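Report on the structure
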Amino acid sequence: MVKTKIAILSRGDGWHVQDLLRAAGSNAVSLDFRRLNSTNSLDGFDAVIVRTMPAGSLEQIIFRMDLLHAAEAKGIRVLNPPRALETCVDKYLTNVRLEAAGLPVPRTIVTQTADDAMAAFETLGRDVVVKPLFGSEGRGMVRITDMEIAWRTFHTLANTQAVIYVQEFIQHPGWDVRVFVLNGEVIAAMKRTHASDWRTNVAQGGTAEMHVPCAREIDLSLAATTATRAIVTGVDLIIDSRGQWQIIEVNAVPGWRTICEVCDIDIAKKILHEAHP
């Protein structure tokens, strides 16, 4: 029997890589995304799992995505598919896909100038969250309710040639839900709570517990995954003051350390089975 070969692409051997290697046994190897080139790319592998996309120049990032597209074109299974990665890494493009599918997302205005961002601040009720276009785990997000702080923040971002992503703040009960989706099925969910911060991410000091999603949460999570053309996602949902669910994020390279602990599930093994049944 020919042994399955799975490449795990990352920037090192962090916990998630080690968990995948543990679940795969001798069937997988870890590769540093930064060391791939057009002659030692991904030929010969049956499947590729993208664990992280290391920081790099625009050219480097595009080339890495090119390698994933090339692998997919050769019939190699890529999780997540490159089109899904390109969508979900970009918060604005994610919102575009979700809105086009008729899914509920917070009102969002993205600008390239401080003046337009100030106008967005007014339009969105002077209570907004400013997010980096690319980012995760709640890092780099700032809630702004003060006009002077908004002016200083937006001008600082504009001076660094950053895109300014301004989203209305959703009044919530102090918790949100992360739903883990794999191949059209919700396999786990957790409720994340923070006692003193509007950000509920565990990486920001939040706590987590197992959660049984209702039909609406399941439907939204599956629809968001489909809209972004992903196979595996972590979908973040929040309930607003009217009792309506909003989709906050669709992560195409979701972590699973905490959700495995609170839900007692081996997600690494399930992902490997999906990569190469």
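Preceding this section is the structure that the text describes.
The rules behind the values
For every chain, the first residue of its written sequence is number 1, and the numbers climb from 1 along that sequence. Reporting of local features is limited, given that this is a predicted model, to residues whose pLDDT is at least 70; pairs of side-chain atoms are given and counted only at 80 or more, and all residues count toward the totals for whole chains, interfaces and linings. Derived side-chain values reflect all non-hydrogen atoms in the structure, with water molecules and hydrogen atoms excluded from consideration. Each pair of strands is called paired provided DSSP finds at least two bridges between the two strands. Starting at the N terminus, helices and strands are each numbered in turn, a helix being any DSSP run of H or I of at least four residues and a strand any DSSP run of E of at least two. Each axis is a line fitted through C-alpha atoms, and for a helix only the stretch in contact is used; angles between axes span 0 to 180 degrees, taken between their N-to-C directions. In this description, contact between two residues means that some pair of their heavy atoms is separated by no more than 4.5 Å. The length a helix should cover is 1.5 Å for every residue beyond the first. In this scheme, a residue with accessible area under 20% of its type's maximum is buried, one over 50% is exposed, and one in between is partly exposed, where area comes from a 1.4 Å probe on protein chains only. The reported arc concerns the directions from the helix axis to the C-beta atoms and nothing else. Working definition: roughly parallel below 35 degrees, roughly antiparallel above 145 degrees, roughly perpendicular at 65 to 115 degrees, and oblique for all remaining angles. Each crossing is labelled by how the near helix is turned from the far one, with a counterclockwise turn of less than a right angle marking it left-handed and a clockwise turn marking it right-handed. Any residue that is not Ala, Val, Leu, Ile, Met, Phe, Trp, Tyr, Cys, Pro, Asp, Glu, Lys or Arg is counted as polar, Gly included; the first ten are nonpolar and the last four charged. Think of a 1 Å grid over just the protein atoms. A cavity is a set of points where a 1.4 Å probe fits yet cannot get out, a pocket is an open set with protein on both sides within 12 Å along at least five of seven lines, and lining residues have an atom within 4 Å of a point. Grid points are joined across faces, edges and corners, and a volume is the space filled by probe spheres set on the points. Working definition of a nonpolar core: buried Ala, Val, Leu, Ile, Met, Phe, Trp, Tyr and Cys residues. They are joined through side-chain atoms within 4.5 Å.

A sheet is described by the order of its strands in space; here 4 strands give the open sequence β5-β8-β6-β7, paired in antiparallel fashion. Every other strand in the sheet has two partners, leaving β5 (108-111) and β7 (142-144) as the edge strands with one partner each. Each neighbouring strand pair of the sheet contributes to a mean axis angle of 25°, computed without reference to strand direction. Bridge count for strand β6 (residues 128-131) against strand β8 (residues 164-168) is 4 bridges, and the pairing is antiparallel. Paired with Val130 across the two strands is Val166, which belongs to β8. Most of the contacts of helix α6 (residues 147-159) go to β8, to which it runs at about 145°, and overall it touches β6, β7 and β8.

Our next topic: helix α7 (residues 215-227). Its 13 residues give α7 an end-to-end C-alpha distance of 18 Å, which sits within 8% of 18 Å, the value for a rise of 1.5 Å per residue. Those residues of α7 lying buried are Glu217, Leu220, Ser221, Ala224, Thr225 and Ala227. All buried residues of α7 project into a common sector of 165° when viewed along the axis, lining one side. Away from the buried face of α7 by more than 90 degrees, exposed residues Ala215 and Thr226 are located. Structurally, α7 contributes buried residues whose contacts are with α4 (91-100), β9 (175-182), β12 (232-239) and β13 (245-251). Within two residues after α7, Arg229 carries a phi angle of roughly 60°, on the positive side.

A word on the side chain of Asp236. When you line up the elements, Asp236 lands in strand β12. Under the relative-accessibility criterion, Asp236 is labelled buried at 3%. Once you skip the residues sitting within four places of it in the chain, Asp236 turns out to touch Val177, Arg178, Arg192, Gln246, Ile247, Ile248 and Glu249.

With that settled, the discussion passes to the packing of helix α1 (residues 15-24) against helix α9 (residues 267-275). The interhelical angle for the contact between α1 and α9, taken along N-to-C directions, is 70°, at an axis separation of 8 Å. The pairing of α1 with α9 is recorded here as roughly perpendicular in orientation. The way α1 lies across α9 gives a crossing that is right-handed. Across the interface between the two elements, Asp19, Leu20, Arg22, Ala23 and Ala24 of α1 pack against Ala268, Lys269, Ile271 and Leu272 of α9. Of the residues belonging to the contact of α1 with α9, the class tally is 6 nonpolar, no polar and 3 charged.

Read from one edge of the open sheet, 5 strands run β11-β10-β9-β12-β13, paired in antiparallel fashion. Edge positions in the open sheet fall to β11 (207-210) and β13, since each of these has one partner strand only. Strand after strand, the sheet turns through a mean of 30° between neighbouring axes, direction not considered. Strand direction decides the pairing type here: β12 and β13, joined by 6 bridges, are antiparallel. The partner of Leu237 across the bridge, within β13, is Ile247. Relative to β12, α7 is tilted by about 135°, and along the sheet it contacts β9, β10 (185-193), β12 and β13. Its contacts with the sheet put α9 on β9, β10 and β12, and the angle it makes with β9 is roughly 40°.

Applying the stated rule across the entire model yields 2 cavities of 30 Å³ or more. Considered as a void within the structure, the second largest cavity measures approximately 80 Å³ in volume. Taken together, Ile49, Val50, Arg51, Leu79, Asn80, Val232, Ala252, Val253, Pro254, Trp256 and Ile271 make up the full set of residues lining the second largest cavity. Of the residues contributing to the lining of the second largest cavity, the split by class is 9 nonpolar, 1 polar and 1 charged.

All right, on to the nonpolar core then. Ranked by internal contacts, the top residues of the largest apolar core, which has 33 residues, are Leu9, Leu42, Val48, Leu68, Leu98 and Ile247. Secondary-structure elements contributing two or more residues to this core are β1 (6-10), β3 (47-50), α2 (58-73), α3 (82-88), β9, α7, β12 and β13. Per-element accounting of this core gives the leading share, 4 residues, to α2. Residues in contact with Leu98, not counting those within four places in the same chain, are Leu103, Val105, Ala224, Ala227, Ile247 and Val250. By size, the runner-up hydrophobic cluster in this structure holds 26 residues, among which are Leu79, Phe180, Trp256 and Cys263.

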